[in-house]
Amino acid sequence: MWKGVLTGAACLLGVLAWSASLPAAELLVGTASTDITPAEPVALVGQFNLRIARTVETPLTANVVVLESREGDRSLDTAIMVSCDLIGIPMEVVRLVREEVQKRLPDVDAQKIFLNGTHTHTAPVLVPGSFVLPAQGVTPVEEYRAFLVGRIADAIAEAWKNRGPGSVSWGLGHAVVAYNRRAVYANGSAQMYGRTNVPEFRGLEGYEDHDVDSMFFWNEAGKLIAIIVDVACTAQEVESRSTVNADFWHPVRQVLHRRYGSDVCVLGWIGAAGDQSPHLMYRKAADERMVKLRGLTRMEEIARRIEAAVDEAYEAVKEDRHTGVPLVHAVETIALPMRLVTEAECAEAKAAVQQAADEIAKDPKATDRLQRRLKWHEATVERFEKQQTDPAPTYEVEIHVLRIGDAVVCTNPFELFTDFGIRIKARSRAVQTFVVQLVGPGTYLPTERAVRGGSYSAVVHSNQVGPEGGQVLVDRTVALIDSLWAKKD
């Protein structure tokens with residue numbers, strides 16, 4: 001862990017030196033969008049059972065905004081931000097995208113590229129071996145991944161080449177989109193999507209973040225060209241379907257395109273939402289009645305709320321545009337302490353592995369249903385065994401902290417429980433802080449309270465990193481944010 005912290009400290013000193021005298025530079029902005037919808041049947045990721053999608057309900061897209069600050073002919077810093085209708089972004093995909101971008105744009109710093117997933121559970125599998133796929137009739141994971149990487153790299157190159165002088169503003173709105181999805185009971189236990197209409201129910205476990213953070217970009221002529229929308233809610237309203245679907249971000253883009261123009265690039269970011277989702281936990285009948293009376297689907301209702309929040313922010317900030325803003329982008333790899341597997345948890349995992357293996361032996365057709373769960377528990381056993389020789393294991397993650405004027409964007413690769421995001425926002429020196437999760441593969445990172453409650457998302461099988469590592473992540477992120485305001489501009 002200390003090696004990672006020392007590496008981070010060296011990076012921090014570099015950023016401090018960089019931010020000591022931030023010039024008023026020209027801001028360049030470029031945008032692009034690309035279709036990443038699979039052409040053939042694909043396996044979907046997001047559930048434990050294998051699902052093959054043979055129908056496309058909505059397109060999947062990757063949307064790109066590139067930023068560069070320049071002083072004359074000198075480039076000061078860059079940021080290349082890509083939002084994808086995917087469950088998460090495996091680091092192998094990040095590596096491949098950066099390599100392809102370097103081929104197209106050799107002078108661009110590929111480390112300044114970050115990709116986020118919107119966490120739709122109805123998008124293709126990206127990690128080979130996640131499921132046992134049929135020998136024929138389904139697109140191999142590697143084939144879709146190569147298609148995806150090429151499309152994203154092309155879009156980044158397009159956005160970079162079309163960048164030009166622009167301006168930016170940021171604003172805050174609010175919308176009830178997410179609900180804490182962990183119900184707590186009288187005995188102290190918790191359960192994801194647990195029943196709330198029982199006498200034992202005592203409340204929802206954590207805070208709900210209803211902020212909608214928006215960022216707007218205009219070109220030199222004053223035309224709006226991009227909107228970034230950050231909502232602390234994963235895109236999984238239709239998560240159990242066996243179809244390709246971008247979930248609620250598709251109708252969100254539709255309503256924003258109708259409102260602001262079809263050529264406006266819309267990036268969807270997911271704030272800290274490991275314990276939040278769009279699924280209703282109580283008052284379902286009242287909510288569903290209102291949606292029905294409005295003549296909307298549930299996803300259209302979500303889009304309506306997000307559009308209202310974006311409009312609210314836009315009307316307030318549209319004249320508060322900034323061109324010569326500080327743009328400073330820090331990238332750091334840190335080593336977080338992993339959550340340790342106890343002997344009891346290892347024994348539980350071994351029992352689950354054996355049970356799954358027995359079921360498969362009795363009925364080979366059960367493989368599709370049990371393969372992912374089998375691997376889930378096997379990974380816990382492997383972690384416990386590694387702890388015997390490495391009792392203080394660490395988990396390396398890449399984080400980005402990007403200052404744009406008085407706003408800051410900070411990323412993490414997790415399904416980060418909302419309280420951690422609140423800790424970052426509360427301590428941030430920025431006027432407005434955008435927390436972006438799933439800039440990476442995604443694994444739940446629970447709070448201390450959640451671990452005490454147990455259940456899926458807060459048990460060790462769901463986590464690489466636990467509450468201790470979550471606080472390290474918060475502290476390092478805040479330190480980097482502080483460094484970007486270390487000296488007066």
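Refer to the structure above for everything that follows.
These notes cover the structure that comes with them.

Criteria and cut-off values
- Residues numbered from 1 in each chain as written.
- Predicted model: local features only at pLDDT ≥ 70, side-chain atom pairs only at ≥ 80, totals over all residues.
- Heavy atoms only, no water.
- Pairing = 2+ DSSP bridges.
- Helix = DSSP H or I, 4+ residues; strand = E, 2+ residues; numbered from the N terminus.
- Axes fitted to C-alpha atoms, helices over the stretch in contact; angles between N-to-C directions.
- Disulfide = S-S within 2.5 Å.
- Buried < 20%, exposed > 50% of the residue type's maximum accessible area, 1.4 Å probe, protein only.
- Parallel < 35°, antiparallel > 145°, perpendicular 65-115°, else oblique.
- Left-handed = near helix turned anticlockwise from the far one by under 90°.
- Contact = heavy atoms within 4.5 Å.
- Core = buried A, V, L, I, M, F, W, Y, C linked by side-chain atoms within 4.5 Å.
- 1 Å grid on protein atoms, 1.4 Å probe; cavity = no way out; pocket = protein on both sides within 12 Å on 5 of 7 lines; lining within 4 Å.
- Points joined across faces, edges and corners; volume = space filled by probe spheres on them.
- Nonpolar A, V, L, I, M, F, W, Y, C, P; charged D, E, K, R; others polar.
- Salt bridge = Lys/Arg side-chain N within 4 Å of Asp/Glu carboxyl O.

Section: the sheet that holds strand β13 (residues 211-219)
Here is step 1 of the chain: Taken in spatial order, the eight strands of this open sheet run β6-β5-β4-β1-β8-β13-β14-β15, and their pairing is mixed. Only two strands of the sheet have a single neighbouring strand rather than two, namely β6 (113-117) and β15 (265-270). Averaged over all adjacent pairs, the angle separating strand axes in this sheet is 25°, with direction ignored.
Here is step 2 of the chain: Pairing between strand β14 (residues 224-231) and β15: six bridges, direction parallel. Residue pairing in the sheet places Val231 in a bridge with Ile270 of β15.

Topic: the state of the cysteines
Here is step 1 of the chain: If you walk through the whole model with that rule in mind, you get zero disulfides.
Here is step 2 of the chain: Lacking any disulfide linkage, Cys84 is separated from the closest cysteine sulfur, that of Cys265, by 11 Å.
Here is step 3 of the chain: Overall, the relative accessible area of 0% leaves Cys84 in the buried class.

Remarks on the packing of helix α9 (residues 418-427) against helix α11 (residues 467-484)
Here is step 1 of the chain: The contact between α9 and α11 brings their axes to 10 Å, and the two run at 25°. By the angle between their directions, the pair α9 and α11 is classed as roughly parallel. You can see that α9 and α11 cross each other, and the crossing is right-handed. From α9, Phe420, Arg423, Ile424 and Arg427 reach across to α11, where they touch Pro467, Gly470, Gln471, Val474, Asp475, Thr477, Val478 and Ile481.

Some words on the nonpolar core
Here is step 1 of the chain: In this structure, Val82, Cys84, Leu86, Leu115, Ile152 and Ile156 are the most contacted members of the largest nonpolar core, which totals 37 residues.
Here is step 2 of the chain: Elements that contribute at least two residues to this core include exactly β2 (42-45), β4 (61-71), β5 (74-84), α2 (91-104), β6 and α3 (141-161).
Here is step 3 of the chain: Examining the composition of this core, we find that 10 residues originate from one element, α3, more than from any other.
Here is step 4 of the chain: Excluding its chain neighbours within four sequence positions, the residues that come into contact with Ile152 are Ala62, Val82, Cys84, Val97 and Leu115.
Here is step 5 of the chain: Counting 33 residues, the second-largest nonpolar core is a separate cluster that includes Val212, Trp249, Leu256 and Tyr314.

Quick notes on the layout of surface pockets
One simple way to see leftover space: roll a probe sized like a water molecule over the atoms.
Here is step 1 of the chain: The space that makes up the largest pocket amounts to roughly 1300 Å³.
Here is step 2 of the chain: Around the largest pocket, the lining is made up of 40 residues, and of these Arg372, Trp376, Pro441, Gly442 and Thr443 lie nearest the centre.
Here is step 3 of the chain: A per-element tally of the lining of the largest pocket places helix α8 (residues 367-387) first, with six residues.
Here is step 4 of the chain: The calculated volume of the second largest pocket comes to roughly 260 Å³.
Here is step 5 of the chain: Tyr193, His279, Leu280, Met281 and Lys284 are, among the 13 residues lining the second largest pocket, the residues nearest its centre.
Here is step 6 of the chain: In the lining of the second largest pocket, the residues fall into four nonpolar, four polar and five charged.

Overview of the pattern of salt bridges
Here is step 1 of the chain: Evaluated as defined, the whole model comprises 32 salt bridges.
Here is step 2 of the chain: Here Arg253 and Asp85 are joined by a salt bridge, their closest N and O atoms 2.6 Å apart. Taken together, the residues span a long stretch of sequence, with Arg253 in helix α4 (residues 249-260) and Asp85 in the loop between β5 and α2 at a distance of 168 residues. The pair Arg253 / Asp85 is uniform in exposure class, with both members buried.

Re the environment of Gly88
Here is step 1 of the chain: Inspection of the secondary structure assignment puts Gly88 in the loop between β5 and α2.
Here is step 2 of the chain: Residues Gly88 and Thr120 lie 32 residues apart in sequence; the distance between their C-alpha atoms is 8.4 Å.
Here is step 3 of the chain: Setting aside anything within four residues of it in sequence, one finds Gly88 in contact with Gly117, Leu126, Gly440 and Pro441.

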